[in-house]
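Descriptive structure summary
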Amino acid sequence: MTIWERVSPKSSLGRRVKSRVEPKLPGQEEELRAELREVSSLSEAWKTYPDVFSKLDNVLVTLKDPFHAIILLKEERALTAPEIFVLAHLAFSVGRVRSVMAESKVKWPPRTVPPSLDPVEQRLLPGFAGQPVFYIADSYSPELSRVRTERKAKEKLWRDEMTKEAGEVERLLGRRPGIREEIAIRKTNIQAVEQARLMPELGEVRETLTHVHFRLKATREALRLEREISRLRQKETHLEGEVLAFLSADLRAWKDELEKAAWALGELDYLLRKAELAVRWDAREPVINNETGPLVLEGAFHPGVREEVEGRGGKYQPLSLTIDSPVSVVTGPNMGGKTASLATVGLCVSLAQWGFLPPCSGLEFSLYDYVYFQPETPGKPGLSSFASEVVALKELLTRIEDRGLILLDEVGRGTNPSQGLALYAAVLDYLRKRAGDRSTVLASTHYHGLASHLDVPHWQVAGLSPGDGDLEESDAANGGKDIDWLYRHMDYRLVKVGPDTPVPQDALMVAKVLGLHGEIIRRAEEFVAGAGRCEFRRDEPC
């Protein structure tokens, strides 16, 4: 599940707000600071008054989407009873939210405080208690009340008439049918079947393989009452339509307030989800600079990666670094977390620009027009991995004039090392010269010499050290360690080193730790020791 998917509003109104949000871009620094202050303030309040936020969530999760009904009001169309119920429920929910807000000591952003809809609630839910249930009450129309009273009286007379018939059937047949139910008589009971067929009170309705089914016939008086009841029901439906029409007309005067209230509840829902994440991550408000400056991260983590590491019993190591150059290079061993480091940098910056407190103890940066992350992924259909990289780079270069955070992961890995290194260096040099100080480029690589070629800052994953743990020869003989051991002993911290510092050569150490056959390891070490002069022959060693 992505971080964006974890932002899950309780209501459809919150989801509407989520679908409309956009990141803040250069020039919108003050707006972003205000938004982040709101999140920070609410996250601190959440820690102090968790019950308040729990009560609000209990309301938000019950909200129904009123926008269809509001649109109908704007079009001056009459609403149905279910549509009016949705607006009644909105008014009721607004009252509960305003009550919780008023009783709390939390400072609520004005855009999250819905306007009062008390008159709407009183109009649509007169005298109700408990959860709202909209009903076209008799109080809305004296004529409707009269018609309903008459209908109910006629229905009682009809039931009395049919009950008398049921009693007569019971007297003659020994079985009492329900007023609207069938009575089934077995075909083997020939006498009872014939007797039932002769009774004027019963009518035969169907016959099965084993039974004959009868139902009470309406008497002449019952038929007359049925016609009257049908007429009264038609009149009742007409009068209910009139009530819905004038209620809809009344509600049109409140359409703007209803819409404002709906959006306010959506804003509240979405903002609470951001505050909830901030509490979960113990996140801090970032520092947003107006002018281009360094990108500083302290104690940053990727929530998904941290959960995975801690889920397998490992200890997650937060990321801290200061990027004060247009281009910086990250090197490290396989499984050293280079890709995760790039993803963490991109995630923290992106979340901040989308108005979230990022998962770190400190972040200082200037806003970017875009964040570009090219992780190590399979190629596009029909293209090799290297061709896919080239296509992606071409797309990136179309935005060279914009300010971007550019995160490149192992560019050139899909071709031969010498040309891959040359291409990667050329791409970084081009970005440095053409983008200048506008953009920030962080590039990971296995290639030695990339940082020195460009004379740029060089960050390195600390990785494995021969002194870490018991890297004994006996490990290979005994089947080696498992991969969890490797995760636990890998130092994922980024350490700033000199441009000429060699890339860690941990491949053979990893293979040894994981228990690859000792003879293969020794032979590989011989090849490494004789690199540049070894001839690979089957019959004699180097």
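In this text the structure is predicted, and so the values were computed from the model without any measurement. (Residues numbered from 1 in each chain as written. Predicted model: local features only at pLDDT ≥ 70, side-chain atom pairs only at ≥ 80, totals over all residues. Heavy atoms only, no water.)

Attention now moves to the overall build of the protein. In terms of helices and strands, the protein carries 20 helices and 13 strands. Classification of the 542 residues of the protein by burial places 45% in the buried group. For the protein, long-range pairs separated by at least 24 residues make up 75% of all intrachain contacts whose partners lie at least 6 apart in sequence. When the accessible surface of the protein is split by element, carbon and sulfur atoms take 51% of a total near 27,600 Å². (Helix = DSSP H or I, 4+ residues; strand = E, 2+ residues; numbered from the N terminus. Buried < 20%, exposed > 50% of the residue type's maximum accessible area, 1.4 Å probe, protein only. Contact = heavy atoms within 4.5 Å. Areas by Shrake-Rupley, 256 points an atom, 1.4 Å probe, with all protein chains shown as cover.)

Mean pLDDT over the protein: 88, with 90% of residues reaching 70 or higher. Every residue in residues 472-478 scores below 50 in pLDDT, and together they form seven contacts with partners more than four places removed in sequence or on other chains. Below a pLDDT of 50 lies the segment residues 532-542, which in the model reaches nine contacts outside its immediate sequence neighbourhood of four places, other chains included. (pLDDT = per-residue confidence, 0-100.)

Let's shift gears to the pairing of strand β7 (residues 327-331). β7 sits mainly inside the fold: five of its five residues count as buried. Both faces of β7 are covered, namely the face carrying Val327, Val329 and Thr331 and the face carrying Ser328 and Val330. In the sheet, β7 pairs with strand β11 (residues 440-445) via five bridges, with the strands oriented parallel. Considered in β11, the bridge of threonine 331 is made with threonine 445. Sheet analysis places β7 next to strand β12 (residues 458-463), joined by three bridges and oriented parallel. Residue pairing for β12: threonine 331 is matched across the bridge by glutamine 460. (Pairing = 2+ DSSP bridges.)

Further remarks concern the sheet that holds strand β5 (residues 295-300). Sheet architecture is open: four strands sit in the order β4-β8-β5-β6, paired in mixed fashion. Either end of the sheet is taken by a strand with one partner, and the two such strands are β4 (287-289) and β6 (319-323). The mean angle between the axes of side-by-side strands here comes to 15 degrees, regardless of whether they run parallel or antiparallel. (Axes fitted to C-alpha atoms, helices over the stretch in contact; angles between N-to-C directions.)

Core analysis: the largest hydrophobic core is formed by 94 residues, its most contacted members being Trp108 and Leu124. With twelve residues, helix α11 (residues 255-281) is the single largest residue contributor to this core. Residues from two domains meet in this core; each of domain 1 (3-117 + 254-278) and domain 3 (284-529) gives at least three. When sequence neighbours within four positions are dropped, the list of residues in contact with tryptophan 108 reads Leu42, Val52, Phe53, Leu56, Met101, Val113, Leu268 and Leu272. With 25 residues, the next largest nonpolar core counts Ala392, Tyr424, Leu428 and Leu454 among its residues. (Core = buried A, V, L, I, M, F, W, Y, C linked by side-chain atoms within 4.5 Å. Domains from an automatic or database assignment.)

Moving on: the packing of helix α3 (residues 29-48) against α11. Two elements in contact, α3 and α11, have axes separated by 8 Å at closest approach and are oriented at 65 degrees. Between α3 and α11 the crossing geometry is right-handed. Contact with α3, carried on its side by Glu35, Glu38, Val39, Leu42, Ser43, Trp46 and Lys47, involves Leu271, Leu272, Arg273, Lys274, Ala275, Glu276, Ala278 and Val279 of α11 and no other residues of that element. In the contact of α3 with α11, the residues fall into eight nonpolar, one polar and six charged. (Left-handed = near helix turned anticlockwise from the far one by under 90°. Nonpolar A, V, L, I, M, F, W, Y, C, P; charged D, E, K, R; others polar.)

Moving on: the packing of aromatic side chains. How two aromatic rings sit relative to each other is given by the distance of their centres and the angle of their planes. Under the definition given, this model contains seven aromatic pairs. Ring plane angle 50 degrees and centroid distance 5.6 Å describe the contact between phenylalanine 53 and tryptophan 108, whose orientation is recorded as tilted. Taken as a pair, phenylalanine 53 in helix α4 (residues 50-60) and tryptophan 108 in the loop between α6 (81-103) and α7 (118-124) lie far apart in primary sequence, 55 residues in all. Taken as a pair, phenylalanine 53 and tryptophan 108 share a single burial class, namely buried. The interplanar angle of 55 degrees and the centroid separation of 4.9 Å between the aromatic rings of phenylalanine 67 and tryptophan 263 together place this pair among those described as tilted. Of this pair, phenylalanine 67 sits in helix α5 (residues 67-74) while tryptophan 263 sits in helix α11, and the two are 196 residues apart along the sequence. (Phe/Tyr/Trp six-rings, centres within 6.5 Å; stacked < 30°, edge-to-face > 60°.)

A separate point is the pairing of strand β9 (residues 370-374). Of the two faces of β9, only one is covered, namely that formed by Tyr370, Tyr372 and Gln374; the face formed by Val371 and Phe373 stays uncovered. In this sheet, strand β10 (residues 404-409) lies alongside β9 in parallel orientation, the contact comprising five bridges. Bridge pairing in β10 links glutamine 374 to leucine 408.

Attention now moves to the sheet that holds strand β2 (residues 202-207). An order of β1-β3-β2 is seen for the three strands of this open sheet, with the pairing classed as antiparallel. Both outer strands of the open sheet, β1 (182-186) and β2, are each paired with one neighbouring strand and no more. Neighbour-to-neighbour, the strand axes of the sheet open up by a mean angle of 35 degrees, direction not taken into account. Pairing between β1 and strand β3 (residues 211-216): five bridges, direction antiparallel. Bridging across to β3, glutamate 182 finds its partner in arginine 215. Along the sheet, helix α8 (residues 142-173) makes contact with β1, β2 and β3, crossing β3 at roughly 140 degrees. Packed onto the sheet, helix α9 (residues 190-198) meets β1, β2 and β3 and runs at close to 30 degrees relative to β3.

On to unusual backbone geometry, then. Not every positive phi belongs to a glycine, and glutamate 76 is a case in point at roughly 60 degrees. Considering the arrangement of structural elements, one finds glutamate 76 in the loop between α5 and α6. With relative accessibility at 61%, the residue glutamate 76 sits in the exposed group. One non-glycine residue, aspartate 282, adopts positive backbone phi at about 55 degrees. Take aspartate 282: it is sitting in the loop between α11 and β4.

What follows is about helix α13 (residues 338-353). Side chains of residues three or four places apart in an α-helix project in the same direction, reflecting 3.6 residues per turn. With 16 residues, α13 extends 23 Å from end C-alpha to end C-alpha; this agrees with the ideal 22 Å at 1.5 Å per step. For α13, a buried count of 13 out of 16 residues is recorded, marking the element as mostly surrounded by other parts of the structure. (Expected span 1.5 Å × (residues − 1).)

Glancing now at the pattern of salt bridges. Summed over all chains, the structure comprises 47 salt bridges. Between arginine 37 and glutamate 30 there is a salt bridge, and its shortest N-O distance comes to 3.6 Å. Judged by relative accessible area, which is 41%, arginine 37 ranks as partly exposed. For glutamate 30, a relative accessible area of 48% gives the class partly exposed. In this structure, lysine 47 engages glutamate 44 in a salt bridge whose closest nitrogen and oxygen atoms are separated by 3.2 Å. Of this pair, lysine 47 and glutamate 44 both sit in helix α3, three residues apart, which is roughly one turn of the helix. (Salt bridge = Lys/Arg side-chain N within 4 Å of Asp/Glu carboxyl O.)

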